[in-house]
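Take a look at the letters that make up each chain.
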Amino acid sequence: MPSSLFDLWPVLGVGAIGALIPTKKDWKLRAGLGLSAALLVLFMLKVWDLPVTPEGGAKEWPNLLSALIAIPLLGAGFLLFLPRQSPELLKRFTLGVLALDLLLSLTLLSVPMTKGWHFQSIHEWVPSLGIRYHVAVDGISVWLVLLTTFVTPIAVFASFGSIKTRIKELCFSYLLMQGAMLCSFVALDLFLFYVAFELMLVPMYVMIGIWGGAEKIKASLKFFLYTMFGSVLMLAALLYLVWQYTRITGAPSFDLLALSRVMLPQKVQTVCFVAFALAFFIKVPMFPVHTWLPDAHVQAPTGGSVILAAIMLKVGTYGYLRFAMGLFPWAAGTMSANLAGVAVLGGVLYGALCAWKQDDVKKLVAYSSVAHLGYVMLGLFSATPSAISGSILQMVNHGVSTGALFMLVGVIYDRRHTRQVDEFGGLAKVMPVFATLWLIVTFASIGVPGTNGFVGEFMIIMGTYASPRLGRFAGIDTVLAAFGVILGAVYMLSVTQKMMFGPLSNPKNKRLSDVNTREGLALAPLVVLIFVIGFFPSLFTDRMKDAVAAFDVRYRDSFELAKMHGNEPPELIEIQDPSFLQGAPPLGKAAVEAARAAAGEGAK
Amino acid sequence: MGTILALAPLLLLALGGCGLMLTEAYASFTKAREEGASAQLALPSAVTMLAAAVMALGLWLKDPATIDGAKALEPWLVVDRFTVFFTMVTCLGGALATLLAGGYLPEHNLDRGEFYPLIIFSTLGCVVLAAAGDLLTLFLGLETMSLGVYALTGFRRSSRSVEAAMKYFLLGSFAAALLLYGGALLYGATGHTDLVGIGQALTKGGRLPYPALVFAFALILVGIGFKVSAVPFHMWAPDAYEGAPTPVMAYMSVAVKSAGFAMALRVLVTTFGDPKFGSWATGWPPILALLAVLTMVIANLVAGRQESVKRMLAYSSIAHAGYVLVGVVSVMKVGSEAQASVLFYLLAYTVSTIGALGALVWMGSRGKEATSYEDLAGVGRRHPAAAFAMSFFLLSLAGVPPLGGFFGKLYVFRAAVGAGFYWLAVIGLLSSVIGAYYYLRVMVYMYMRESAPGAPEAEPMRSGMVVSALVISGIVVLWLGLMPGASLEMAIAAAVK
């Protein structure tokens, strides 16, 4: 921590620069930008100072994660009793709750993210079914938690500029969604995860359905039913897995750590993996189950799109990494070569080509999400430490840059009520700040060096080339993925060229006002983060490397064990990593007795 | 003394019903809403039923097995934890439906006092049916329950309502006759009328006339199918439900169905519980599994095509019977866990359905009753509280966590997976996705559409009783979803041995 005022000079300096940047004499914008810049530098200094290696004595408040989840949920409950007639009160209350959540979540960074679980909190929930309230973060999920607490307030703040009706429902949905999303990233009990996974659908459904565009009802139903279809199959597989665990150990458990001990026969594992993976692929979304995404995005209001793209899709990628790969390593490993092909051809290339052909710029951004998440999935399929780190970083990157893109699209939509590319041209002349921001975010999205996108995609592509999982396709996958980067540049730059530059031909665009205070304040942190990640990626990768390395070892070990296991009936396996099992439920009586009997036989 | 203690809920219902009937006969009610029959009778009858439920809870805590004299009326009336659990569920359902009626009847100009004694006596029938350990009491309970409901279905006295009551009466009597005939055949074959005795005779086997047994069993199964409205024996349900006043529909789809399942479980477990009847190859599970699949798939598909919310909810209640049947099918393999899943599901279903129908009642006022989807357009803006309540209970019915309905589904399908019926669980889960579609469609109309200009709009009513029923159901739904542990343990302990 900075000890004296002198130590704070970079903070104050950057704050002053931030406050002096705007051309307009708007003190709110100046103060807001200065404050956010200063806070960001403070945050950076804190992160930078912190030793990455453990030094002992780091205090973890066990209820921190519970508080992070509970604050928005309780806030949502409390909001129901606030008067609908005073929207300002509702808005301030919501932003206050989200800001509190953000500040609280920054303390997650106060401890070094070593191997194993942090801020773990376990309570019995339904003992007779083995369901526990079990939350914890590691170096992987901590970034997604921070992404959530960081992006949601921005999206909410931006959306208050364009949505004027039914503020109470809007605020309630945001808070409920925030609680559910955070819960899904920190849940280590699969029941708890499933609850959060389903619960976050409802507010998003309401959000698309109420404040969406012309086809909103179709889009919202499609979104809900698609996702629910996948998740019920996951539930069936989950129930099967829990039943097997119960049969072997004599005590039920929905805990991820406990269920990771179960080694299923290879064939069964494949079936269960398909059920889990389908649920997550739909959520990601991966080709060919991506068709709900363009509809949902195009119809959703800006705030909804930002949250959907930046956070909710990450639940799919994160869930695939944590649960599908964690529980069924054999099936995930053997199928990943084929799946990587689908990710490259269907996600990266097809998504990019689709994006290229769109007339609607929001749809273009939506398809670009399919392409970007194709990279993330490719990294997860490759499953080398570098690729996994790159994927996690790319999840954050995509959240930042696509979130910013959707907000920028929202800016012009609020002014012109159209998103057709041909309607625009030469916007840089009337909206210079907007055009600058657009260009920066576009560069981030296509991965120009120095921005965040470059780091993530580079790590993924490097990791893919070295991946033993992809076998002989690793090379061709790498080449095609690299080609996808070029395609990304093609579609993003061509739309930039059409919209921002060229003659200002459409008279309707002549009087457009530039980015206003609210929009500027909302976009500024995202733009800054683009460069922070771009220039200092090690800030992020250093904290995730222990967790990724541990995951990699466990994944490979379990794969080898499964190879030997073959199609034998289910049995328990030993997990070598004690830090992973920290907090796992004790084995049931039957398992303990079996172990004792085995030990007794050994003694004889 | 112990006998009276064990039968206290039953006696309370009987005495309370008689008392209310006399009060109704001798009191003079005026047309004014404040002094009408509902204003004076609804609360006492709801309290009577709630008191019976609380007494049942007391019995539960004391454990009927430890009460001397509780077995005095066996085999006619069996007072065990199973009975006590169903007493709680049906009395809770009855009490909440009565509260809804207290607001609904005066609002829609149906304020006649006989409603309340009828519903209490019908609930009495439900309890007797759940407690019946003999074919005679079983039939007695069934008819006591049904006769009250036949009358209540036609309570509106409009042609639609009378048609519904007539249909229900004819098909219900038909089903009862089948059940009776099946019972007669069983008696002829085994010489017993008590369920345990029949079960023992069947287990011992010996020289039993096999064709008669098969025929008897088929008849009994059809009778049960009618009562729980399983496809293809569901034809009466949508018409009867739609024609009945909404609180009666709530009562029918909740208490009557629960009692039907109580009868089904008790008969199947005590009489046909022998492994040779419960095996997949030669027993009843495959038949019930087929019924469950048909019920879940067909009812959910048809419900999605309805234009009236009330009719949709009628089909949805049929679909829920399908999910419960999945639990019943698993009973032979996983025993008390599967029974517990049925009991828990029925409890969660009871409060969710009462809540959804209560919200529907709340949304309509005199001459402007909410029944079709169009009526609900824009309710989210005009009456946010009712719309919120409706969404809450519909999401519970759709099985969205962390509400009670989700936990019920999870528990039932867990039982199916534990019994090895994976395909049954998968079909059930997939059909619940279809179910989500039509529940969400209600939300679409409430929040995302505005009513067409000039179209009839439902106007919300004011009634403290409806709101209190909704609040009670809402608390129970949340309690079942967030803290299901206690009620799950109760349900496990309640299984028929």
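Definitions and cut-offs
- Residues numbered from 1 in each chain as written.
- Chains lettered and ligands numbered in written order.
- Predicted model: local features only at pLDDT ≥ 70, side-chain atom pairs only at ≥ 80, totals over all residues.
- Heavy atoms only, no water.
- Helix = DSSP H or I, 4+ residues; strand = E, 2+ residues; numbered from the N terminus.
- Rg over C-alpha atoms; globule rule 2.2 N^0.38 Å.
- Buried < 20%, exposed > 50% of the residue type's maximum accessible area, 1.4 Å probe, protein only.
- Contact = heavy atoms within 4.5 Å.
- Buried area = accessible area lost by both parts, 1.4 Å probe.
- Salt bridge = Lys/Arg side-chain N within 4 Å of Asp/Glu carboxyl O.
- Polar contact = N/O pair within 3.5 Å; in protein donor to acceptor, adjacent residues only side chain to side chain.
- Nonpolar A, V, L, I, M, F, W, Y, C, P; charged D, E, K, R; others polar.

Engineer: Please set out the overall build of chain A residue by residue, giving values where relevant.
Structural biologist: In terms of helices and strands, chain A carries 24 helices and four strands. Scaling as 2.2 N^0.38, a compact globule of 604 residues should have a C-alpha radius of gyration of about 25 Å, and chain A matches this with 24 Å. Viewed in the frame of its principal axes, chain A has a C-alpha envelope of about 90 × 50 × 45 Å. The buried share among the 604 residues of chain A stands at 64%.

Engineer: Please set out the interface of chain A and chain B residue by residue, giving values where relevant.
Structural biologist: Listed by partner, the interface residues are 36 residues for chain A and 39 residues for chain B. Of the roughly 3,300 Å² buried at the junction of chain A and chain B (both faces included), carbon and sulfur atoms supply 81%. Our count for the contact surface shared by chain A and chain B stands at zero salt bridges. Summed over the shared surface of chain A and chain B, the result is four residue pairs in polar contact (both at pLDDT 80 or more). When contributions to the side of chain A that touches chain B are tallied by element, the ones reaching two or more residues are β1 (118-126), α6 (167-186), α7 (190-199), α8 (201-211) and α9 (216-249) of chain A. Among the elements that line the side of chain A that touches chain B, the one with the most residues is α9 of chain A, at 15 residues. Here the residues of the side of chain A that touches chain B are counted per class, giving 28 nonpolar, three polar and five charged.

Engineer: How would you explain the pattern of salt bridges if you had to name every residue and give the values?
Structural biologist: Taken as a whole, this structure holds 24 salt bridges over all chains when the rule is applied. Between K222 of chain A and D295 of chain A there is a salt bridge, with its nearest N and O atoms 2.8 Å apart. Placement of K222 of chain A in helix α9 and of D295 of chain A in helix α12 (residues 292-299) is noted, with a sequence separation of 73 residues between them. Two residues, D239 of chain B and R311 of chain B, come together in a salt bridge whose shortest N-O distance is 3.1 Å. Taken together, the residues span a long stretch of sequence, with D239 of chain B in helix α10 (residues 236-243) and R311 of chain B in helix α14 (residues 309-329) at a distance of 72 residues.

Engineer: Talk me through the side chain of H565 of chain A; I want residue IDs and the actual numbers.
Structural biologist: Residue placement: H565 of chain A occurs in helix α22 (residues 538-565). Leave out the neighbours within four places in its chain, and H565 of chain A touches M263, L264, P265, P570 and E571 of chain A.

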